[in-house]
Amino acid sequence: MHPVRPAGTPGKPQNSGAYYGQAVASFAIALAAVAIGIYQLDADGWVRAFLGIGVLYLTTSAFTLAKVIRDRQEEGR
């Protein structure tokens, strides 16, 4: 989802509740995926590949979550 700008409001767009929820859910899903992968680790190639993708997903989700939190804090100013 893209940030929503209220009609007639110039300046920086505001994030919708759905956008914020999606960012939080994405972070939680990525963290759970890595935790499950580590728990199931047998050192097979596909397991290592899964962990690698999970770490990449967690990293990008962390950036999104940080952006959303920052935007929420800036809205309160």
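Here, the structure is the one placed above.
A brief structural summary. Because the structure is a prediction, the values reported are computed rather than measured.

1. Things to note about the overall build of the chain
Consideration 1: When its secondary structure is counted, the chain shows two helices and zero strands.
Consideration 2: Put simply, of all contacts in the chain between residues at least 6 apart along the chain, 55% involve residues at least 24 apart.
Consideration 3: Total accessible area on the chain is roughly 5500 Å²; 67% of this is exposed by carbon and sulfur atoms.

2. Structural notes on helix H2 (residues 45-75)
Consideration 1: Taking 1.5 Å per residue, 31 residues should reach 45 Å; H2 reaches 45 Å between its end C-alpha atoms and fits that length.
Consideration 2: Those residues of H2 that fall on the buried side of the exposure criterion are Val47, Leu51, Gly54, Ser61, Leu65, Val68 and Asp71.
Consideration 3: Packing partners of the buried residues in H2 comprise helix H1 (17-39).

3. A short note on the pattern of salt bridges
Consideration 1: Evaluated as defined, the whole model comprises three salt bridges.
Consideration 2: The closest approach of N and O atoms between Arg70 and Asp71, which form a salt bridge, is 3.1 Å.
Consideration 3: When the shortest N-O distance is used, the salt bridge between Glu74 and Arg70 registers 3.8 Å. Taken together, the residues span about one helical turn, with Glu74 and Arg70 both in helix H2 at a distance of four residues.
Consideration 4: By sharing partners, the salt bridges in this structure join Lys67, Arg70, Asp71 and Glu74 into a single network.

4. As for the environment of Ile38
Consideration 1: Mapped onto the fold, Ile38 is located in helix H1.
Consideration 2: When the C-alpha atoms of Ile38 and Leu51 are compared, they prove to be 7.3 Å apart, with 13 residues separating the residues in sequence.

5. Considerations on the packing of H1 against H2
Consideration 1: Interaxial distance between H1 and H2 falls to 8 Å at its minimum, and their mutual angle equals 150 degrees. As the angle between them shows, H1 and H2 are arranged roughly antiparallel. Crossing angle aside, the handedness with which H1 passes H2 is left-handed.

About the cut-offs
Residues numbered from 1 in each chain as written. Predicted model: local features only at pLDDT ≥ 70, side-chain atom pairs only at ≥ 80, totals over all residues. Heavy atoms only, no water. Helix = DSSP H or I, 4+ residues; strand = E, 2+ residues; numbered from the N terminus. Contact = heavy atoms within 4.5 Å. Areas by Shrake-Rupley, 256 points an atom, 1.4 Å probe, with all protein chains shown as cover. Expected span 1.5 Å × (residues − 1). Buried < 20%, exposed > 50% of the residue type's maximum accessible area, 1.4 Å probe, protein only. Salt bridge = Lys/Arg side-chain N within 4 Å of Asp/Glu carboxyl O. Axes fitted to C-alpha atoms, helices over the stretch in contact; angles between N-to-C directions. Parallel < 35°, antiparallel > 145°, perpendicular 65-115°, else oblique. Left-handed = near helix turned anticlockwise from the far one by under 90°.

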